Amino acid sequence: MRTKYKEIMDKIKVSEELEQRLESNLQQLSIEEEAFSHSKTSLRKYLQIGTMVACFTVCILGLHLKLSKIDTPPLEENYSITSVKTVEELSEKMKFQLKVPNVSPEFKVVECNDLFESVAEIVYSDGVEELNYRIGINNGQDISGVYTVYSDIKNSTIGHTEYTLKGESGEYSLITWVEDEYSFALQSSKPLSSDELLQIATSVELYNKN
């Protein structure tokens with residue numbers, strides 16, 4: 001660029017001041033061009049490094065996911081819920097002798113379930129209200145499946161059996177008890193008096209299909 005400038009200036013007659021100004025501007029332009037060229041080279045290098053880092057990160061992540069998938073065994077279901085049509089079928093399916101409550105004739109069996117192969121569940125209904133009854137051999141643990149926190153808890157002992165009633169303000173929705181190796185639970189969709197729930201609970205006896 002400076003060579004072309006001298007060739008042009010040899011043909012053009014200008015003042016010494018103007019010539020110095022033009023030469024100064026040319027030098028500044030050359031510096032800016034060099035700086036721009038350097039910045040483009042640096043930017044290209046940064047982009048190349050960034051691309052390499054991104055590719056490396058993706059590869060490491062993919063390898064981690066692959067190893068995790070290989071090393072982590074699939075979850076195995078160790079429980080089952082099986083529904084049957086009648087109490088008789090339920091009694092034949094369970095591994096223990098089934099005991100059932102003596103409920104009012106208005107309440108009919110609407111559901112029978114084998115829960116986790118250790119708890120029998122029978123649901124009774126009169127078309128409006130429901131009674132959910134459970135029995136299982138479960139080392140005295142609560143098998144009700146109810147996690148509601150009740151403010152009114154009452155214990156009542158009849159014979160050698162202690163019954164626990166839970167509800168609100170003197171009306172109870174849940175009663176649980178343990179007898180011999182059995183655990184029991186009875187839940188009512190309509191809160192009942194303690195006497196009503198105890199009457200149903202104490203009526204439980206061995207199921208007789210006849």
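Residues numbered from 1 in each chain as written. Predicted model: local features only at pLDDT ≥ 70, side-chain atom pairs only at ≥ 80, totals over all residues. Heavy atoms only, no water.

Enquirer: Give me the lowdown on the pairing of strand S3 (residues 108–115), citing residues and values where you can.
Expert: In summary, the side chains of a regular strand alternate between the two faces of the sheet. As judged from the 4 bridges shared by strand S1 (residues 81–84) and S3, these two strands associate in the antiparallel manner. Residue pairing across strands places valine 84 opposite cysteine 112, the latter belonging to S3. Bridging between S3 and strand S4 (residues 119–125) involves 7 bridges; their strand directions are antiparallel. Its bridge partner being in S4, lysine 108 is matched across the sheet by serine 125. Counting the residues between successive antiparallel strands, the hairpin from S3 to S4 contains 3 residues, one of them, phenylalanine 116, with a positive phi of roughly 60°. (Pairing = 2+ DSSP bridges. Helix = DSSP H or I, 4+ residues; strand = E, 2+ residues; numbered from the N terminus.)

Enquirer: Tell me what's going on with the confidence of the model for the chain, and back it up with residues and numbers.
Expert: Taken over all residues, the pLDDT of the chain has a mean of 79, while the share at 70 or more is 62%. Element-level pLDDT for the chain is lowest in helix H1 (residues 2–11), with a mean of 51, against a maximum mean of 98 in S4. Taken as a whole, residues 63–78 scores under 50 in pLDDT and shows 0 contacts with residues more than four places along the chain or in a different chain. (pLDDT = per-residue confidence, 0-100. Contact = heavy atoms within 4.5 Å.)

Enquirer: Can you lay out the layout of surface pockets for me, pointing to particular residues and giving the numbers?
Expert: Computed from the structure, the largest pocket encloses a volume of approximately 280 Å³. The wall of the largest pocket is formed by 15 residues, among which Ser104, Phe107, Leu131, Leu192 and Ile200 lie closest to the centre. Within the residue set of the lining of the largest pocket, elements represented by two or more residues are strand S5 (130–136), strand S9 (182–192) and helix H4 (194–201). Residue composition of the lining of the largest pocket, by class: 5 nonpolar, 5 polar and 5 charged. (1 Å grid on protein atoms, 1.4 Å probe; cavity = no way out; pocket = protein on both sides within 12 Å on 5 of 7 lines; lining within 4 Å. Points joined across faces, edges and corners; volume = space filled by probe spheres on them. Nonpolar A, V, L, I, M, F, W, Y, C, P; charged D, E, K, R; others polar.)

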